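Chain by chain, the residues:
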Amino acid sequence: MPDAGASRPDAADLVAPDAPSAVPAPARRLRPAQLLFEPQADEPEPERFFDLDSIDDPAELLRRSTELTLAFRAAAERAADFQAIAAAQLADTRRFDALSPAAIAERADWTPDYADKMVEYGRSLLRRQHSGEH
C-alpha cells in the first residue's frame, strides 16, 4: 500500500527526461522593474568659456582672452576663405548644376551683392591656388 504521506507525482514527472514535450512552454516575458522613485538628476555643470571665468588675475585674463580673440579671428577669416572658394565653385559655369549668385546668397544667408563679391574673391583664391601662390 502506498504511503499516505507521499505526494503524488506530477504529470511532468511521468514524462521521460529525454522525451520531447508535446507543447513547448511559452517564453517567459520579463517586465522592467517599476520605478518607485525619481532618479536623481545630475546637476548641470556651470558653463565655462575656456576657463576665462576662473582667472582672477586681470593681466592673465587680458592675455588669455586676447589670445582667444586672435585665434577666433584667424579661424573666422579662414572659414570665410573656404566659403568664398565654395561660392566660386558653385558659381562655376562649367558645372552643369552651377548656381547663380542670388541662389548662393540665399543658401548662405548673404545679400546678392555680398555673394557676388565672395564669388569673385573665391575665384581669386582658386587662381592663386592653381598658380602655386599662397
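Summarised in this report is the structure supplied together with it. Starting afresh in each chain, residues are numbered from 1 along the sequence in its written order. Totals for whole chains, interfaces and linings use every residue, but because this is a predicted model, local features are given only for residues with pLDDT of at least 70 and side-chain atom pairs only at 80 or more, for both listing and counting. By convention in this description, side-chain values take in all heavy atoms of the structure and omit both hydrogens and water.

Some thoughts on the overall build of the protein chain
Secondary structure is summarised from DSSP: a helix means a run of H or I of at least four residues, a strand means a run of E of at least two, and numbering begins at the N terminus for each. Helix and strand content of the protein chain: four helices and zero strands. Counted from the first residue to the last, the protein chain has its helices and strands arranged as α-α-α-α. Whether a residue is buried, partly exposed or exposed follows from its accessible area with a 1.4 Å probe, protein chains only, as a fraction of its type maximum: under 20%, in between, or over 50%, in that order. When the 134 residues of the protein chain are sorted by exposure, 13% land in the buried category.

Considering a nonpolar patch on the surface
There is a patch of nonpolar side chains on the surface, built from F49, F50 and F72 and spanning about 310 Å² of accessible area. Note that F49 resides in the loop between α1 (11–14) and α2 (58–91). Each patch is built from salt-bridge-free residues with over 30% relative accessible area, joining like charges within 9 Å and nonpolar side chains (Val, Leu, Ile, Met, Phe, Trp, Tyr) within 5 Å. The Shrake-Rupley method, run with a 1.4 Å probe sphere, supplies the accessible areas, and residue values consider only the shown protein chains as cover. The term salt bridge refers to a pairing of a side-chain nitrogen on Lys or Arg with a carboxyl oxygen on Asp or Glu at a separation within 4 Å.

Quick notes on the packing of aromatic side chains
Both the distance between ring centres and the angle between the ring planes are used here to describe each pair of aromatic rings. Pairing of aromatic rings covers Phe, Tyr and Trp, the last counted by its six-membered ring, and requires centre-to-centre distances within 6.5 Å; plane angles under 30 degrees mean stacked, over 60 mean edge-to-face, and any other angle means tilted. Across all of its chains, the model carries four aromatic pairs by this definition. When the centroid spacing of 5.0 Å and the interplanar angle of 90° are considered together, the rings of F49 and F50 count as edge-to-face. On the accessibility criterion, F49 (46% relative accessible area) is partly exposed. By relative accessible area, F50 is classed as partly exposed at 42%. Ring centres of W110 and Y114 lie 5.3 Å apart, and the angle between their planes is 80°; this geometry places the pair in the edge-to-face category. Of the residues examined, W110 reaches a relative accessible area of 17% and is grouped as buried. With relative accessibility at 37%, the residue Y114 sits in the partly exposed group. Each residue in the set F49, F50 and F72 is aromatic and connected to the rest through ring pairs, giving one cluster.

A few points about the nonpolar core
Formed by 14 residues in total, the largest nonpolar core has its most connected members in A87, I104, W110 and V119. Secondary structure elements with two or more residues in this core: α2, α3 (101–108) and α4 (112–131). We call two residues in contact whenever any of their non-hydrogen atoms come within 4.5 Å of each other. Excluding residues within four positions of it along the chain, W110 makes contact with Q83, A87, I104, A105, A115 and M118. The definition of a nonpolar core used throughout is a set of buried Ala, Val, Leu, Ile, Met, Phe, Trp, Tyr and Cys residues joined through side-chain atoms within 4.5 Å.

Digging into the packing of α2 against α4
For any two helices packed against each other, one specifies the crossing angle of their axes together with the interaxial distance. With their axes 7 Å apart at the nearest point, α2 and α4 run at an angle of 95° to one another. By the criterion of interaxial angle, the relationship of α2 to α4 is roughly perpendicular. Residues A80, D81, Q83, A84, I85, A87, A88, Q89 and A91 of α2 pack against M118, V119, Y121, G122, R123, L125, L126 and Q129 of α4. Of the residues belonging to the contact of α2 with α4, the class tally is eleven nonpolar, four polar and two charged. Only the contacting stretch of a helix is used when fitting its axis, a line to C-alpha atoms as for every element, and angles between N-to-C directions run 0 to 180 degrees. When describing relative orientation, an angle under 35 degrees is termed roughly parallel and one over 145 degrees roughly antiparallel, while 65 to 115 degrees is termed roughly perpendicular and anything else oblique. The residue classification treats Ala, Val, Leu, Ile, Met, Phe, Trp, Tyr, Cys and Pro as nonpolar and Asp, Glu, Lys and Arg as charged. All others, Gly included, are polar.

Any functional reading would require information that these geometric values do not contain.
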